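Observations on the model geometry
Next come the chains, spelled out residue by residue.
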Amino acid sequence: MADLSAEESPRCEVCPETNNLKRCSRCQLVNYCCREHQKQDWKAHKKSCSKKSTKQQTETIDSVFPIHTIRSSQLDSHASDLFKDETFDPRPLKLQNFPKPKNYSNYNIAHFASSRLYDKGYCIIDNFYDNDMPDRIFNDIRQLESTGCFAEGKLSGGKTGGEDDKKVTEVTLRGDKIKWLNGNEQGYPAVTSLIARIDDIMYDLNKFSLGDFIIDGRSKAMVACYPGKGTGYIRHVDNPNKDGRRVTCIYYLNKDWDVKENGGLLRIFPENSKEGYVDVEPIMNRFLLFWSDRRNPHEVQPAYKTRYAVTTWYFDSNERQKVKTEQLQKDMSSLQLEELKLQTAAQSLRIEMEEKEKKRAELEMLTTCIEKKADNYVAALTEGDLEGIDMLLEGQPDPWVVLTDLGINKSIQKAVLKRLSERRPSKKYY
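If you're wondering where the values come from, they're calculated on a predicted model, not measured in any experiment.

Thresholds applied
- Residues numbered from 1 in each chain as written.
- Predicted model: local features only at pLDDT ≥ 70, side-chain atom pairs only at ≥ 80, totals over all residues.
- Heavy atoms only, no water.
- Helix = DSSP H or I, 4+ residues; strand = E, 2+ residues; numbered from the N terminus.
- Buried < 20%, exposed > 50% of the residue type's maximum accessible area, 1.4 Å probe, protein only.
- Contact = heavy atoms within 4.5 Å.
- Areas by Shrake-Rupley, 256 points an atom, 1.4 Å probe, with all protein chains shown as cover.
- Phe/Tyr/Trp six-rings, centres within 6.5 Å; stacked < 30°, edge-to-face > 60°.
- Lys NZ or Arg CZ within 6 Å of the ring centre and 35° of its normal.
- 1 Å grid on protein atoms, 1.4 Å probe; cavity = no way out; pocket = protein on both sides within 12 Å on 5 of 7 lines; lining within 4 Å.
- Points joined across faces, edges and corners; volume = space filled by probe spheres on them.
- Nonpolar A, V, L, I, M, F, W, Y, C, P; charged D, E, K, R; others polar.

**A short note on the overall build of the protein chain**
The helix and strand tally for the protein chain stands at 12 helices and 14 strands. The buried share among the 430 residues of the protein chain stands at 44%. Sequence separation of 24 or more characterises 78% of the internal contacts of the protein chain that already satisfy a separation of 6 or more. When the accessible surface of the protein chain is split by element, carbon and sulfur atoms take 52% of a total near 23700 Å².

The structure is reproduced here in C-alpha coordinates:
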(Lines give C-alpha, C1' and ligand atoms only; values in the text may rest on other atoms or scores of the structure.)
Protein backbone atom coordinates (compact mmCIF):
# COMPACT_ATOMS: atom_id res chain seq x y z
CA MET A 1 0.00 0.00 0.00
CA ALA A 2 1.44 3.38 -0.98
CA ASP A 3 2.28 5.99 1.66
CA LEU A 4 -0.28 8.71 2.06
CA SER A 5 0.86 12.29 1.64
CA ALA A 6 0.29 14.78 4.42
CA GLU A 7 -1.27 17.21 1.96
CA GLU A 8 -4.08 14.75 1.26
CA SER A 9 -4.79 14.01 4.92
CA PRO A 10 -6.73 16.13 7.40
CA ARG A 11 -4.31 18.05 9.58
CA CYS A 12 -4.22 20.00 12.82
CA GLU A 13 -5.40 23.61 12.56
CA VAL A 14 -2.22 24.78 14.27
CA CYS A 15 0.51 22.47 12.98
CA PRO A 16 1.06 19.99 10.09
CA GLU A 17 0.32 16.94 12.28
CA THR A 18 -2.04 14.43 10.61
CA ASN A 19 -1.99 11.58 13.12
CA ASN A 20 -4.33 10.98 16.07
CA LEU A 21 -6.40 14.09 15.38
CA LYS A 22 -9.44 15.01 17.43
CA ARG A 23 -12.28 17.18 16.13
CA CYS A 24 -13.82 20.12 17.92
CA SER A 25 -16.71 18.51 19.78
CA ARG A 26 -18.84 21.62 19.38
CA CYS A 27 -18.84 22.26 15.63
CA GLN A 28 -17.29 18.98 14.38
CA LEU A 29 -15.49 20.92 11.63
CA VAL A 30 -11.82 21.43 12.63
CA ASN A 31 -9.11 19.06 13.88
CA TYR A 32 -6.43 19.33 16.54
CA CYS A 33 -3.54 17.07 17.46
CA CYS A 34 -3.63 17.98 21.15
CA ARG A 35 -5.50 19.94 23.80
CA GLU A 36 -2.84 22.67 23.89
CA HIS A 37 -3.25 23.47 20.18
CA GLN A 38 -7.03 23.57 20.57
CA LYS A 39 -6.65 26.12 23.39
CA GLN A 40 -4.13 28.06 21.32
CA ASP A 41 -6.51 28.31 18.36
CA TRP A 42 -9.66 28.93 20.40
CA LYS A 43 -9.51 32.75 20.18
CA ALA A 44 -9.68 32.59 16.38
CA HIS A 45 -11.90 29.53 16.10
CA LYS A 46 -14.58 30.53 18.62
CA LYS A 47 -15.93 33.24 16.28
CA SER A 48 -17.12 30.65 13.79
CA CYS A 49 -17.64 27.85 16.30
CA SER A 50 -19.89 29.86 18.58
CA LYS A 51 -22.19 30.68 15.69
CA LYS A 52 -23.00 27.02 15.15
CA SER A 53 -26.44 26.48 16.63
CA THR A 54 -27.84 23.02 17.22
CA LYS A 55 -29.72 23.32 13.93
CA GLN A 56 -26.55 24.35 12.10
CA GLN A 57 -24.63 21.46 13.63
CA THR A 58 -27.34 19.13 12.43
CA GLU A 59 -27.08 20.59 8.93
CA THR A 60 -23.29 20.23 9.00
CA ILE A 61 -23.51 16.56 9.88
CA ASP A 62 -26.30 15.86 7.40
CA SER A 63 -24.48 17.73 4.65
CA VAL A 64 -21.69 15.12 4.78
CA PHE A 65 -24.18 12.39 4.00
CA PRO A 66 -27.96 12.79 3.71
CA ILE A 67 -29.92 10.12 5.53
CA HIS A 68 -31.72 7.77 3.16
CA THR A 69 -34.78 5.92 4.35
CA ILE A 70 -34.73 2.14 4.08
CA ARG A 71 -38.26 0.95 3.39
CA SER A 72 -39.44 -2.01 5.41
CA SER A 73 -39.75 -3.89 2.13
CA GLN A 74 -36.00 -3.39 1.62
CA LEU A 75 -34.61 -3.91 5.12
CA ASP A 76 -33.58 -7.58 5.32
CA SER A 77 -36.05 -8.21 2.48
CA HIS A 78 -36.15 -11.94 1.82
CA ALA A 79 -32.98 -12.27 3.92
CA SER A 80 -34.55 -14.94 6.05
CA ASP A 81 -35.72 -16.77 2.94
CA LEU A 82 -32.13 -17.09 1.70
CA PHE A 83 -31.12 -19.27 4.65
CA LYS A 84 -34.48 -20.14 6.21
CA ASP A 85 -33.55 -23.77 6.76
CA GLU A 86 -30.23 -23.01 8.46
CA THR A 87 -29.28 -22.98 12.11
CA PHE A 88 -26.18 -21.31 13.50
CA ASP A 89 -22.93 -22.55 11.96
CA PRO A 90 -21.54 -25.24 14.32
CA ARG A 91 -17.94 -25.16 13.09
CA PRO A 92 -15.25 -24.40 15.70
CA LEU A 93 -14.18 -20.92 16.78
CA LYS A 94 -11.30 -19.60 14.69
CA LEU A 95 -9.81 -16.35 16.01
CA GLN A 96 -7.03 -14.38 14.35
CA ASN A 97 -5.08 -11.15 14.60
CA PHE A 98 -6.14 -8.66 11.95
CA PRO A 99 -3.79 -6.26 10.12
CA LYS A 100 -3.60 -2.68 11.38
CA PRO A 101 -3.51 0.61 9.45
CA LYS A 102 -0.26 2.60 9.54
CA ASN A 103 -1.99 5.39 11.41
CA TYR A 104 -5.50 6.14 12.54
CA SER A 105 -6.39 9.37 10.77
CA ASN A 106 -9.74 9.11 9.03
CA TYR A 107 -8.12 9.40 5.62
CA ASN A 108 -5.64 6.60 6.31
CA ILE A 109 -8.36 4.37 7.74
CA ALA A 110 -10.36 4.91 4.54
CA HIS A 111 -7.32 4.00 2.41
CA PHE A 112 -6.58 0.95 4.52
CA ALA A 113 -10.25 -0.13 4.54
CA SER A 114 -10.56 0.14 0.76
CA SER A 115 -7.56 -2.15 0.28
CA ARG A 116 -8.98 -4.74 2.68
CA LEU A 117 -12.49 -4.53 1.22
CA TYR A 118 -11.26 -5.17 -2.31
CA ASP A 119 -8.93 -7.94 -1.12
CA LYS A 120 -11.04 -9.72 1.52
CA GLY A 121 -14.51 -8.20 1.33
CA TYR A 122 -14.26 -6.97 4.92
CA CYS A 123 -12.01 -4.88 7.17
CA ILE A 124 -11.55 -5.00 10.95
CA ILE A 125 -9.90 -2.07 12.77
CA ASP A 126 -9.13 -2.45 16.46
CA ASN A 127 -8.39 0.44 18.81
CA PHE A 128 -10.54 2.75 16.69
CA TYR A 129 -10.14 5.41 19.39
CA ASP A 130 -7.06 5.93 21.55
CA ASN A 131 -8.82 7.92 24.30
CA ASP A 132 -11.86 7.59 26.56
CA MET A 133 -14.32 7.96 23.66
CA PRO A 134 -15.40 4.25 23.71
CA ASP A 135 -16.49 4.60 27.35
CA ARG A 136 -18.33 7.84 26.56
CA ILE A 137 -20.13 6.22 23.64
CA PHE A 138 -21.05 3.26 25.83
CA ASN A 139 -22.41 5.58 28.51
CA ASP A 140 -24.51 7.36 25.88
CA ILE A 141 -25.94 4.02 24.73
CA ARG A 142 -26.74 2.96 28.29
CA GLN A 143 -28.42 6.31 28.90
CA LEU A 144 -30.42 5.86 25.69
CA GLU A 145 -31.38 2.32 26.72
CA SER A 146 -32.58 3.56 30.12
CA THR A 147 -35.31 5.61 28.39
CA GLY A 148 -37.04 2.38 27.31
CA CYS A 149 -37.03 3.38 23.64
CA PHE A 150 -35.49 0.16 22.26
CA ALA A 151 -37.83 -2.04 20.20
CA GLU A 152 -37.52 -5.62 18.99
CA GLY A 153 -35.62 -5.99 15.74
CA LYS A 154 -37.81 -7.30 12.94
CA LEU A 155 -37.36 -9.49 9.91
CA SER A 156 -39.48 -7.72 7.33
CA GLY A 157 -38.93 -10.65 5.01
CA GLY A 158 -39.95 -13.11 7.72
CA LYS A 159 -43.03 -13.82 9.80
CA THR A 160 -44.94 -10.86 11.17
CA GLY A 161 -48.14 -12.42 12.41
CA GLY A 162 -49.28 -12.06 15.98
CA GLU A 163 -49.60 -15.75 16.82
CA ASP A 164 -47.35 -16.91 19.65
CA ASP A 165 -45.63 -19.57 17.55
CA LYS A 166 -44.70 -16.98 14.93
CA LYS A 167 -43.36 -14.62 17.58
CA VAL A 168 -41.17 -17.37 18.99
CA THR A 169 -39.92 -18.22 15.51
CA GLU A 170 -39.09 -14.61 14.77
CA VAL A 171 -37.15 -14.15 18.03
CA THR A 172 -35.26 -17.34 17.20
CA LEU A 173 -34.26 -15.83 13.86
CA ARG A 174 -33.36 -12.44 15.30
CA GLY A 175 -33.29 -11.56 18.99
CA ASP A 176 -31.84 -8.05 19.24
CA LYS A 177 -33.52 -4.86 20.43
CA ILE A 178 -32.83 -1.73 18.41
CA LYS A 179 -33.14 2.04 18.30
CA TRP A 180 -32.70 4.15 15.15
CA LEU A 181 -30.79 7.45 15.39
CA ASN A 182 -30.22 10.22 12.86
CA GLY A 183 -26.82 10.92 14.39
CA ASN A 184 -27.55 14.44 15.63
CA GLU A 185 -29.80 13.81 18.62
CA GLN A 186 -29.24 16.08 21.59
CA GLY A 187 -28.02 14.48 24.80
CA TYR A 188 -25.78 11.85 23.18
CA PRO A 189 -22.66 13.77 22.03
CA ALA A 190 -20.31 10.79 21.97
CA VAL A 191 -22.63 8.78 19.68
CA THR A 192 -22.97 11.86 17.46
CA SER A 193 -19.18 12.13 17.27
CA LEU A 194 -18.83 8.41 16.43
CA ILE A 195 -21.33 8.59 13.57
CA ALA A 196 -19.74 11.80 12.27
CA ARG A 197 -16.30 10.16 12.24
CA ILE A 198 -17.59 7.12 10.35
CA ASP A 199 -19.27 9.51 7.89
CA ASP A 200 -15.92 11.21 7.29
CA ILE A 201 -14.17 7.89 6.71
CA MET A 202 -16.81 6.78 4.25
CA TYR A 203 -16.59 10.12 2.47
CA ASP A 204 -12.84 9.53 2.02
CA LEU A 205 -13.51 5.95 0.93
CA ASN A 206 -14.89 7.38 -2.32
CA LYS A 207 -11.34 8.42 -3.25
CA PHE A 208 -10.33 4.75 -3.42
CA SER A 209 -13.46 3.23 -4.96
CA LEU A 210 -11.80 2.55 -8.35
CA GLY A 211 -14.99 3.87 -9.94
CA ASP A 212 -17.04 0.95 -8.61
CA PHE A 213 -19.23 3.05 -6.38
CA ILE A 214 -19.90 6.53 -5.02
CA ILE A 215 -21.00 6.71 -1.40
CA ASP A 216 -23.53 9.55 -1.24
CA GLY A 217 -25.62 8.86 1.84
CA ARG A 218 -26.34 6.54 4.71
CA SER A 219 -29.15 5.00 6.66
CA LYS A 220 -30.03 6.05 10.15
CA ALA A 221 -27.68 4.53 12.70
CA MET A 222 -29.03 1.37 14.31
CA VAL A 223 -28.08 0.91 17.95
CA ALA A 224 -28.52 -2.81 18.65
CA CYS A 225 -28.59 -4.62 21.96
CA TYR A 226 -28.67 -8.41 22.25
CA PRO A 227 -29.95 -8.96 25.81
CA GLY A 228 -28.07 -12.23 26.31
CA LYS A 229 -30.12 -15.35 27.07
CA GLY A 230 -28.93 -17.01 23.87
CA THR A 231 -30.27 -14.32 21.52
CA GLY A 232 -28.69 -14.06 18.09
CA TYR A 233 -29.40 -13.50 14.41
CA ILE A 234 -29.31 -16.37 11.94
CA ARG A 235 -27.29 -16.23 8.75
CA HIS A 236 -28.54 -13.44 6.49
CA VAL A 237 -27.48 -10.85 3.92
CA ASP A 238 -27.99 -7.14 4.59
CA ASN A 239 -28.65 -6.25 0.96
CA PRO A 240 -29.67 -9.35 -1.00
CA ASN A 241 -31.72 -7.48 -3.61
CA LYS A 242 -29.54 -4.50 -4.59
CA ASP A 243 -31.37 -1.83 -2.59
CA GLY A 244 -28.41 0.59 -2.74
CA ARG A 245 -26.55 -0.32 0.45
CA ARG A 246 -22.89 -0.87 -0.43
CA VAL A 247 -20.96 -0.93 2.88
CA THR A 248 -22.04 -2.07 6.34
CA CYS A 249 -20.19 -0.39 9.25
CA ILE A 250 -20.34 -1.72 12.81
CA TYR A 251 -18.75 -0.32 15.97
CA TYR A 252 -18.67 -2.65 19.01
CA LEU A 253 -19.04 -1.57 22.64
CA ASN A 254 -18.48 -4.70 24.74
CA LYS A 255 -15.82 -4.36 27.41
CA ASP A 256 -14.07 -7.46 28.77
CA TRP A 257 -15.85 -9.67 26.26
CA ASP A 258 -14.87 -13.36 26.25
CA VAL A 259 -16.42 -14.91 23.17
CA LYS A 260 -15.83 -18.44 24.50
CA GLU A 261 -17.89 -17.67 27.58
CA ASN A 262 -20.19 -14.87 26.40
CA GLY A 263 -20.82 -16.00 22.81
CA GLY A 264 -22.17 -13.25 20.54
CA LEU A 265 -19.62 -14.01 17.82
CA LEU A 266 -20.11 -12.39 14.41
CA ARG A 267 -19.32 -15.02 11.79
CA ILE A 268 -18.91 -13.78 8.21
CA PHE A 269 -18.97 -16.10 5.21
CA PRO A 270 -17.09 -14.08 2.54
CA GLU A 271 -17.53 -15.44 -0.96
CA ASN A 272 -13.78 -15.26 -1.65
CA SER A 273 -12.62 -16.75 1.66
CA LYS A 274 -10.52 -19.90 1.35
CA GLU A 275 -11.23 -20.73 5.00
CA GLY A 276 -14.99 -20.52 4.46
CA TYR A 277 -15.69 -18.15 7.33
CA VAL A 278 -14.18 -15.35 9.39
CA ASP A 279 -14.86 -14.98 13.12
CA VAL A 280 -15.12 -11.47 14.56
CA GLU A 281 -15.26 -10.95 18.32
CA PRO A 282 -17.55 -8.03 19.25
CA ILE A 283 -14.92 -6.48 21.52
CA MET A 284 -14.86 -2.91 22.78
CA ASN A 285 -13.56 -0.25 20.38
CA ARG A 286 -13.52 -2.54 17.33
CA PHE A 287 -14.68 -1.09 14.00
CA LEU A 288 -15.81 -3.38 11.19
CA LEU A 289 -16.67 -2.73 7.54
CA PHE A 290 -17.86 -5.22 4.92
CA TRP A 291 -19.70 -5.26 1.60
CA SER A 292 -23.44 -5.26 2.35
CA ASP A 293 -24.49 -7.44 -0.59
CA ARG A 294 -24.52 -11.19 -1.17
CA ARG A 295 -20.73 -11.34 -1.02
CA ASN A 296 -20.94 -11.40 2.78
CA PRO A 297 -23.61 -13.55 4.40
CA HIS A 298 -23.14 -13.36 8.17
CA GLU A 299 -24.69 -14.37 11.46
CA VAL A 300 -24.63 -13.26 15.09
CA GLN A 301 -24.25 -16.41 17.13
CA PRO A 302 -26.13 -16.73 20.44
CA ALA A 303 -25.03 -14.18 23.04
CA TYR A 304 -25.15 -15.03 26.76
CA LYS A 305 -24.26 -11.54 27.95
CA THR A 306 -25.69 -8.16 26.93
CA ARG A 307 -24.04 -7.22 23.64
CA TYR A 308 -23.99 -3.69 22.13
CA ALA A 309 -23.15 -2.38 18.66
CA VAL A 310 -23.84 0.65 16.44
CA THR A 311 -24.47 -0.14 12.76
CA THR A 312 -24.81 2.14 9.75
CA TRP A 313 -25.30 1.30 6.08
CA TYR A 314 -23.78 3.48 3.38
CA PHE A 315 -25.40 3.83 -0.03
CA ASP A 316 -23.89 3.68 -3.49
CA SER A 317 -25.46 6.49 -5.53
CA ASN A 318 -25.37 4.46 -8.76
CA GLU A 319 -27.15 1.45 -7.29
CA ARG A 320 -29.51 3.66 -5.33
CA GLN A 321 -30.38 5.63 -8.48
CA LYS A 322 -31.03 2.36 -10.26
CA VAL A 323 -33.29 1.30 -7.39
CA LYS A 324 -35.12 4.63 -7.53
CA THR A 325 -35.48 4.32 -11.32
CA GLU A 326 -36.78 0.76 -11.04
CA GLN A 327 -39.16 1.82 -8.26
CA LEU A 328 -40.36 4.73 -10.39
CA GLN A 329 -40.95 2.34 -13.28
CA LYS A 330 -42.90 0.03 -10.97
CA ASP A 331 -44.89 2.97 -9.65
CA MET A 332 -45.59 4.14 -13.20
CA SER A 333 -46.64 0.64 -14.23
CA SER A 334 -48.91 0.42 -11.20
CA LEU A 335 -50.31 3.85 -12.02
CA GLN A 336 -50.90 2.87 -15.62
CA LEU A 337 -52.58 -0.36 -14.52
CA GLU A 338 -54.76 1.58 -12.08
CA GLU A 339 -55.59 4.09 -14.80
CA LEU A 340 -56.52 1.25 -17.16
CA LYS A 341 -58.77 -0.23 -14.47
CA LEU A 342 -60.45 3.15 -13.97
CA GLN A 343 -60.89 3.59 -17.71
CA THR A 344 -62.40 0.12 -17.98
CA ALA A 345 -64.73 0.84 -15.07
CA ALA A 346 -65.70 4.19 -16.60
CA GLN A 347 -66.37 2.53 -19.95
CA SER A 348 -68.52 -0.10 -18.27
CA LEU A 349 -70.40 2.65 -16.44
CA ARG A 350 -70.93 4.56 -19.69
CA ILE A 351 -72.24 1.42 -21.37
CA GLU A 352 -74.52 0.74 -18.41
CA MET A 353 -75.82 4.32 -18.46
CA GLU A 354 -76.32 4.17 -22.23
CA GLU A 355 -78.23 0.93 -21.82
CA LYS A 356 -80.38 2.49 -19.11
CA GLU A 357 -81.00 5.55 -21.27
CA LYS A 358 -81.89 3.34 -24.20
CA LYS A 359 -84.31 1.34 -22.06
CA ARG A 360 -85.81 4.54 -20.66
CA ALA A 361 -86.37 5.86 -24.19
CA GLU A 362 -87.89 2.56 -25.23
CA LEU A 363 -90.15 2.61 -22.18
CA GLU A 364 -91.26 6.16 -22.92
CA MET A 365 -91.97 5.22 -26.53
CA LEU A 366 -93.93 2.16 -25.45
CA THR A 367 -95.87 4.17 -22.85
CA THR A 368 -96.71 6.81 -25.44
CA CYS A 369 -97.85 4.13 -27.84
CA ILE A 370 -100.05 2.49 -25.18
CA GLU A 371 -101.54 5.81 -24.16
CA LYS A 372 -102.26 6.65 -27.77
CA LYS A 373 -103.99 3.33 -28.31
CA ALA A 374 -105.98 3.84 -25.09
CA ASP A 375 -107.04 7.32 -26.24
CA ASN A 376 -108.13 5.88 -29.57
CA TYR A 377 -110.09 3.12 -27.83
CA VAL A 378 -111.84 5.55 -25.44
CA ALA A 379 -112.53 7.99 -28.30
CA ALA A 380 -114.64 5.26 -29.91
CA LEU A 381 -116.95 5.10 -26.87
CA THR A 382 -120.44 6.58 -27.35
CA GLU A 383 -122.04 9.15 -25.08
CA GLY A 384 -124.21 6.39 -23.70
CA ASP A 385 -121.15 4.34 -22.81
CA LEU A 386 -119.59 7.31 -21.02
CA GLU A 387 -122.83 8.09 -19.19
CA GLY A 388 -123.02 4.51 -17.96
CA ILE A 389 -119.45 4.65 -16.65
CA ASP A 390 -120.12 8.02 -15.02
CA MET A 391 -123.16 6.60 -13.18
CA LEU A 392 -121.04 3.63 -12.07
CA LEU A 393 -118.48 5.95 -10.54
CA GLU A 394 -121.01 8.25 -8.92
CA GLY A 395 -120.49 8.48 -5.16
CA GLN A 396 -117.32 6.31 -5.22
CA PRO A 397 -114.38 7.77 -3.22
CA ASP A 398 -111.75 6.34 -5.60
CA PRO A 399 -112.78 5.82 -9.25
CA TRP A 400 -109.42 4.14 -9.95
CA VAL A 401 -110.22 1.27 -7.57
CA VAL A 402 -113.65 0.75 -9.21
CA LEU A 403 -112.20 0.60 -12.70
CA THR A 404 -109.38 -1.70 -11.52
CA ASP A 405 -111.92 -4.06 -9.97
CA LEU A 406 -113.64 -4.19 -13.37
CA GLY A 407 -110.36 -5.39 -14.91
CA ILE A 408 -109.75 -2.27 -16.95
CA ASN A 409 -106.14 -1.53 -17.89
CA LYS A 410 -104.44 1.46 -16.21
CA SER A 411 -103.82 3.28 -19.48
CA ILE A 412 -107.49 2.89 -20.45
CA GLN A 413 -108.54 3.98 -16.95
CA LYS A 414 -106.54 7.18 -17.40
CA ALA A 415 -108.06 7.82 -20.85
CA VAL A 416 -111.64 7.17 -19.58
CA LEU A 417 -111.28 9.49 -16.60
CA LYS A 418 -109.73 12.13 -18.82
CA ARG A 419 -112.66 11.86 -21.23
CA LEU A 420 -115.19 12.08 -18.36
CA SER A 421 -113.41 15.18 -16.98
CA GLU A 422 -113.71 16.81 -20.39
CA ARG A 423 -117.45 16.07 -20.39
CA ARG A 424 -118.00 17.43 -16.87
CA PRO A 425 -115.21 19.91 -16.00
CA SER A 426 -116.84 20.73 -12.66
CA LYS A 427 -116.38 17.19 -11.40
CA LYS A 428 -112.98 15.93 -10.30
CA TYR A 429 -112.24 12.36 -11.36
CA TYR A 430 -108.47 12.25 -10.82
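**Examining the packing of aromatic side chains**
Applying the stated criterion across every chain yields a total of 9 aromatic pairs. Arranged with centres 5.6 Å apart and planes meeting at 85°, the rings of Phe138 and Tyr308 form a pair that is edge-to-face. Here Phe138 is found in helix α5 (residues 133-146), whereas its partner Tyr308 is found in strand β14 (residues 306-316), with 170 residues between them in sequence. For Phe138, a relative accessible area of 22% puts it in the partly exposed group. Pairwise contacts between aromatic rings join Phe128, Tyr129, Tyr251 and Phe287 into one cluster. Geometry around Phe128 places Arg197 over its ring, the cationic atom sitting 4.1 Å from the centre. Sitting over the ring of Phe269, Arg235 keeps its end group 4.4 Å from the ring centre.

**Section: empty space enclosed by the protein**
The gaps left among the atoms become clear once a water-sized probe is rolled over them. Applying the stated rule across the entire model yields 1 cavity of 30 Å³ or more. In this structure, the largest cavity spans a volume of roughly 230 Å³. Forming the boundary of the largest cavity are 21 residues, of which Met222, Tyr226, Tyr233, Ile250 and Thr311 lie nearest the centre. Contributing elements (two or more residues each) for the lining of the largest cavity: β7 (221-227), β8 (231-236), β9 (245-252), β13 (298-303) and β14. Sorting elements by how many residues they give to the lining of the largest cavity places β14 first, with 4 residues. Per-class residue counts for the lining of the largest cavity are 12 nonpolar, 4 polar and 5 charged.

**Some points on unusual backbone geometry**
The phi torsion at Asp256 lies on the positive side, around 55°, for a residue other than glycine. The residue Asp256 is located in the loop between β9 and α8 (259-262) in this model. Judged by its relative accessible area of 68%, Asp256 is exposed. Of note in this structure, Asn285 is not a glycine but carries a positive phi near 70°. Considering the arrangement of structural elements, one finds Asn285 in the loop between β11 (278-280) and β12 (287-291).

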